[in-house]
Amino acid sequence: LSRSSGAEPVFRQVIPQGGALAVECADGTFVREVSYATWGKPVVHPNGSVAADPRCHSSDALRIVRQACEGQSHCCLPIADQNFVIDPCPGKVKTFAVELRGCAQHPAESRYKTHCALQGQPLLVAEDVEFLATLDLPPAPEPVGPFVAAMVDTSFRPELQLFVVHNVHNNTGWPIQLFTGPTSKPKMESLFHDLIAKGQLTLTSIGDDYMEDWQRLSSMMLLPTFWRATIGKKVLIFQPDSIMCAKATRHIRDFTQFDYVGPPMAGPYWMTSDHPSQWGVGCGGFSLRDRELSLRMVNTPACITP
């Protein structure tokens with residue numbers, strides 16, 4: 001996003017398929033004009049300007065965005081084939097680029113923008129979008145620690161959870177943070193009383209008992225409220241089917257200099273490549289992530305994969 005230094009605000013966004021154009025104007029401003037829009041394979045130049053690729057460009061995109069946004073202080077347009085009349089290159093992963101004038105944008109993070117961004121996710125139904133957009137987790141106390149291993153699990157499967165949590169804790173030496181539901185939280189407190197008493201386990205309630213489908217679980221990684229609630233600068237995401245090898249030749253500390261360690265979340269679930277393999281595994285359930293960068297990414301419209 002770039003703003004002009006003149007009197008009229010101008011900003012550009014380049015958003016991949018599966019994202020959303022979320023416009024929220026501040027200070028009584030509104031979108032006076034949509035001066036440019038393309039849906040296809042736009043070319044982004046080093047100076048931030050955008051040009052359409054004539055081999056994959058829908059000229060109808062400008063009309064669609066003008067209809068949605070001009071004269072409005074708020075507008076939301078999920079970036080998906082069904083919202084554009086013309087598919088300029090069927091079967092290809094496409095990108096949307098737009099330039100708007102007159103709207104002084106609110107700061108990047110807001111509930112409206114989170115709700116809009118989730119609407120672009122092809123695997124979420126309306127019920128999932130509403131649930132995730134209204135999720136409000138308690139922010140972590142500052143300063144956060146250097147490391148944490150975090151699991152989201154609202155079920156209560158004591159034998160499995162006891163084994164997995166102690167396995168990860170013993171093999172990392174890191175504190176554990178469990179995101180759980182209000183019904184299972186008292187049971188978890190009893191199950192892990194030893195680690196809680198030592199200050200090695202934190203329970204965070206998500207306020208709901210249903211978080212078991214993988215679409216919701218994966219999409220939590222796209223929420224600012226989730227990352228603000230995590231209590232470590234480096235976060236090891238793990239799940240009830242995760243296991244760490246005690247006799248492994250490499251330790252988790254060998255990887256903490258990286259911003260992200262894990263398989264690419266792409267493939268048939270979040271299409272990010274036209275390559276036949278789609279360069280995707282489709283699982284980030286055991287992955288190491290940087291908290292600060294994750295917060296920046298979830299507030300960046302170009303970042304759409306969990």
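Notes on the structure follow. For every chain, the first residue of its written sequence is number 1, and the numbers climb from 1 along that sequence. Since the coordinates come from a predicted model, pLDDT governs what is reported: local features require at least 70, and pairs of side-chain atoms require 80 or more to be given and counted, while whole-chain, interface and lining totals use all residues. Side-chain numbers here rest on the full set of heavy atoms in the structure, without hydrogens or water.

## Observations concerning the nonpolar core
Move 1: Within the largest apolar cluster, 28 residues are counted, with the highest numbers of intra-cluster contacts made by Leu132, Leu137, Phe179, Met211, Met220, Phe226 and Trp227.
Move 2: Put simply, the parts of the chain that give this core at least two residues each are helix 3 (126-133), strand 8 (145-152), helix 8 (224-229), strand 11 (232-237) and helix 9 (291-298).
Move 3: Only DSSP runs of H or I reaching four residues or more are called helices, and only runs of E reaching two or more are called strands; each is numbered from the N terminus. The leading source of residues in this core is helix 3, at four residues.
Move 4: We call two residues in contact whenever any of their non-hydrogen atoms come within 4.5 Å of each other. Setting aside residues up to four positions removed in sequence, Met211 forms contacts with Phe131, Leu132, Val152, Thr154, Ile206, Arg216, Leu217 and Met220.
Move 5: Take the buried Ala, Val, Leu, Ile, Met, Phe, Trp, Tyr and Cys residues and link them wherever side-chain atoms come within 4.5 Å; each set so joined is a nonpolar core. Each residue gets one of three labels from its accessible area relative to the maximum for its type: buried under 20%, exposed over 50%, partly exposed in between, using a 1.4 Å probe on protein chains only. In this structure, Ile64, Leu77, Phe84 and Cys103 belong to the second largest nonpolar core, which totals 21 residues.

## Here we look at the side chain of Arg216
Move 1: Counting through the fold element by element, Arg216 comes out in helix 7 (residues 214-219).
Move 2: Relative accessible area serves as the criterion here: at 4%, Arg216 is assigned to the buried category.
Move 3: Residues contacting Arg216, with those up to four places away along its chain left out, are Leu124, Glu127, Asp128, Phe131, Leu132, Tyr210 and Met211.

## Side note on the sheet that holds strand 3 (residues 33-40)
Move 1: Across the sheet, three strands lie side by side as 1-7-3; this open sheet has antiparallel pairing. Here the strands that pair on one side only, and so sit at the sheet edges, are strand 1 (10-16) and strand 3. For this sheet, the mean inter-axis angle between neighbouring strands, taken without regard to orientation, is 10°.
Move 2: For two strands to pair, DSSP has to find at least two bridges joining them. Across seven bridges, the pairing between strand 1 and strand 7 (residues 95-101) is antiparallel. Only the stretch in contact is used when fitting a helix axis, every axis being a line fitted to C-alpha atoms; angles between N-to-C directions are given from 0 to 180 degrees.

## Structural notes on the state of the cysteines
Working definition of a disulfide: a covalent bond connecting the sulfur atoms of two cysteines.
Move 1: Whenever a pair of cysteine sulfur atoms sits within 2.5 Å, that pair is classed as a disulfide. Applying the stated rule across the entire model yields four disulfides.
Move 2: For Cys25, the disulfide goes to Cys103, at an S-S distance of 2.1 Å. Linking Cys25 and Cys103, the disulfide has an S-S dihedral of approximately -120° and is accordingly described as left-handed. Residue Cys25 is located in the loop between strand 2 (20-24) and strand 3, and its partner Cys103 is located in the loop between strand 7 and helix 2 (111-119); the two are separated by 78 residues in the primary sequence.

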